[in-house]
Amino acid sequence: MTFDWNAHRFSGGVLALDLANTVIFRETRERSQDRLADPAEMPRFATAAANFRRGEWGNVQFSSPTSSGEITVLIDVREAINELFRTAVRGGGLRPKPLSVFLRLGSELFGDEPSGQNLALPRPCEQRRELPLASAAFLSGVRLFEPARLERIKICPNCHWLYFDESRNRSRRWCDMRVCGNRAKAQRHYNRNSKQAGNDHV
Ligand SMILES: [Zn+2]
């Protein structure tokens, strides 16, 4: 079954978090779902990511993994990003263990890159650039280390996605107001009504 990689799937705001968000409901194991469980979704994600992340990367193309080894590395990078930034949001900062796992993966990734590869951190650029998806996600994550950026990372209370809150006063409460915000509003409405209905019978 093909999956629609639409704008909502890129609510993370930066590539590193979008990649982490290819797993939904991470904090409720029985509801959790991995959208990249089928590796055929990887190139589709990579194409959509290049389109939605132009603000972060400019004119970019992400190459998706081809060998099973590369697929494993991409998933490892995804999990390392998730662990690093989720613990940072929960515990107030980058922690030694997840940071070490993340950096070690980066070291492995870049050891295999051709010497001419441009590994500059992401910035909007007109010059066309092509990068492996895992390396790009790593660089996107490194850019979030800066404290002013790190403190803008949040966890959506509905779907548990990580997202980068770019609002001026950091007031965004949901990954996507139109989806998770509305769902929460509907749930509050439902709870209020069922409570009132219950009171009528007392
Ligand atoms: Zn959400």
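The following paragraphs examine the structure supplied in this document. (Residues numbered from 1 in each chain as written. Predicted model: local features only at pLDDT ≥ 70, side-chain atom pairs only at ≥ 80, totals over all residues. Heavy atoms only, no water.)

## Re the pattern of salt bridges
Evaluated as defined, the whole model comprises ten salt bridges. Linking E41 and R44 is a salt bridge whose minimum nitrogen-to-oxygen distance equals 2.7 Å. Of the two residues, E41 and R44 are both situated in helix 2 (residues 41-52); the distance of three residues between them amounts to about one turn of the helix. Residue classification places E41 among the buried positions, given a relative accessible area of 5%. Given a relative accessible area of 33%, R44 falls into the partly exposed group. Several salt bridges share partner residues, and in doing so they unite R26, D34, R78 and E79 into one network. (Salt bridge = Lys/Arg side-chain N within 4 Å of Asp/Glu carboxyl O. Helix = DSSP H or I, 4+ residues; strand = E, 2+ residues; numbered from the N terminus. Buried < 20%, exposed > 50% of the residue type's maximum accessible area, 1.4 Å probe, protein only.)

## Observations concerning the packing of aromatic side chains
Between two aromatic rings, the relevant description is the distance of the centres plus the angle of the planes. For the coordinates displayed, the defined rule picks out ten aromatic pairs. When the centroid spacing of 5.6 Å and the interplanar angle of 85 degrees are considered together, the rings of W57 and F62 count as edge-to-face. Of the two residues, W57 and F62, neither departs from the other in class, the shared state being buried. Note on F102 and F138: the rings are 4.3 Å apart at their centroids and 10 degrees apart in plane angle, and the pair reads as stacked. With F102 in helix 5 (residues 96-111) and F138 in helix 6 (residues 133-142), this pair connects stretches of sequence that are 36 residues apart. The same class applies to F102 as to F138, namely buried. Following the ring pairs from residue to residue traces out a cluster consisting of F3, W5, F10, F45 and F52. Over the ring of F25 we find R31, and its NZ or CZ is 3.8 Å from the ring centre. (Phe/Tyr/Trp six-rings, centres within 6.5 Å; stacked < 30°, edge-to-face > 60°. Lys NZ or Arg CZ within 6 Å of the ring centre and 35° of its normal.)

## Looking at unusual backbone geometry
In this structure, F25 is a non-glycine residue whose phi angle is positive, near 50 degrees. As for its position among the elements, F25 is in the loop between strand 1 (23-24) and strand 2 (33-34). Take F25: its relative accessible area is 12%, and that puts it in the buried class.

## Section: the pairing of strand 3 (residues 60-63)
The side-chain alternation of strand 3 yields one buried face, formed by V60 and F62, and one unburied face, formed by Q61 and S63. One ladder, built from four bridges, connects strand 3 with strand 4 (residues 129-132); its direction is parallel. Bridged to Q61 within strand 4 is E130. (Pairing = 2+ DSSP bridges.)

## Some details on the coordination of the zinc ion
Taken together, the protein ligands of the zinc ion are C156 (SG), C159 (SG), C175 (SG) and C180 (SG), with distances of 2.3 Å. We note that the donor set of the zinc ion lies within a single chain, spaced as C-x2-C-x15-C-x4-C. The same class applies to C156 as to C159, namely buried. (Donors = N, O, S within 2.8 Å, 3.2 Å for Na, K, Ca; no water.)

## Re helix 4 (residues 68-91)
With 24 residues, helix 4 ought to run about 34 Å at 1.5 Å a step, and its terminal C-alpha atoms sit 34 Å apart, in line with that. All of the buried residues along helix 4 are L74, V77, R78, A80, I81, N82, L84, F85, R86 and A88. Of the residues one or two after helix 4, G92 is the one with positive phi, at around 75 degrees. (Expected span 1.5 Å × (residues − 1).)

Nothing here speaks to function; it is all geometry.
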